[in-house]
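# Structural overview
Here's the letter readout for the chains.
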Amino acid sequence: MVRLPLTPEEVERGQRLGALLRSARGERSMLHTALDAGVSPETLRKIESGRVATPAFPTIAAIADVLGLSLDAVWSEINHASRERLAS
């Protein structure tokens, strides 16, 4: 299966997701957060840096759970800028 290139909106949304997760993680170590979520520290690092703009749903669900974030809140936050752009 050929993967289509990401749109600029998808890249931007991935960057917002990474920033949200970094902020929610606060002072908690990346290693402990990743291990508690059942993902590799490298996966979490790539998501937080925006290098993985479209991570798998179970990965985000597990990280959000460990950080105490609801999936509704995550979705709302990462799509906020897109909705504002459409409203303009």
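Scroll up to find the structure.
Residues numbered from 1 in each chain as written. Predicted model: local features only at pLDDT ≥ 70, side-chain atom pairs only at ≥ 80, totals over all residues. Heavy atoms only, no water.

Per the secondary structure count, the protein chain includes five helices and zero strands. Along its sequence from the N terminus, the protein chain presents helices and strands in the succession α-α-α-α-α. A compact globule built from 88 residues would reach a C-alpha radius of gyration of about 12 Å, and the protein chain, at 13 Å, matches this within 12%. Dimensions along the principal axes, computed over C-alpha positions, put the protein chain at roughly 40 × 30 × 20 Å. A buried classification covers 32% of the 88 residues belonging to the protein chain. Restricting the contact set of the protein chain to residue pairs at least 6 apart, pairs at least 24 apart contribute 63%. As displayed, the protein chain has an accessible area near 5,700 Å², and 58% of this comes from carbon and sulfur atoms. (Helix = DSSP H or I, 4+ residues; strand = E, 2+ residues; numbered from the N terminus. Rg over C-alpha atoms; globule rule 2.2 N^0.38 Å. Buried < 20%, exposed > 50% of the residue type's maximum accessible area, 1.4 Å probe, protein only. Contact = heavy atoms within 4.5 Å. Areas by Shrake-Rupley, 256 points an atom, 1.4 Å probe, with all protein chains shown as cover.)

For an α-helix, the turn length of 3.6 residues means that residues three or four places apart are oriented alike. Taken as a whole, helix α4 (residues 57–67) has its buried residues at T59, I60, I63, A64, V66 and L67. Down the axis of α4, the buried set is contained in an arc of 160 degrees. They therefore lie on one face. Structural note: α4 exposes F57, P58 and D65 on the side pointing more than 90 degrees away from its buried face. Count one or two residues on from α4 and you reach G68, which has phi positive near 75 degrees. (Arc of directions from axis to C-beta.)

This brings us to the pattern of salt bridges. Considering all chains together, one arrives at five salt bridges under this definition. Between R16 and E12 there is a salt bridge, with the nearest N and O atoms lying 2.7 Å from each other. One end of the pair is R16 and the other is E12, both in helix α1 (residues 8–25) and four residues apart, which spans about a single turn. Residue classification places R16 among the buried residues on the basis of a relative accessible area of 18%. The partly exposed category is assigned to E12, whose relative accessible area is 28%. (Salt bridge = Lys/Arg side-chain N within 4 Å of Asp/Glu carboxyl O.)

Our focus in this paragraph is the layout of surface pockets. The calculated volume of the largest pocket comes to roughly 260 Å³. Around the largest pocket, the lining comprises 13 residues; the ones closest to its centre are L17, P55, I60, W75 and I78. Where the lining of the largest pocket is concerned, the elements lending two or more residues are α1, α4 and α5 (71–87). (1 Å grid on protein atoms, 1.4 Å probe; cavity = no way out; pocket = protein on both sides within 12 Å on 5 of 7 lines; lining within 4 Å. Points joined across faces, edges and corners; volume = space filled by probe spheres on them.)

What follows is about the environment of A61. As for its position among the elements, A61 is in helix α4. A sequence separation of 19 residues divides A61 from H80, and the C-alpha atoms of the two residues are 19 Å apart.

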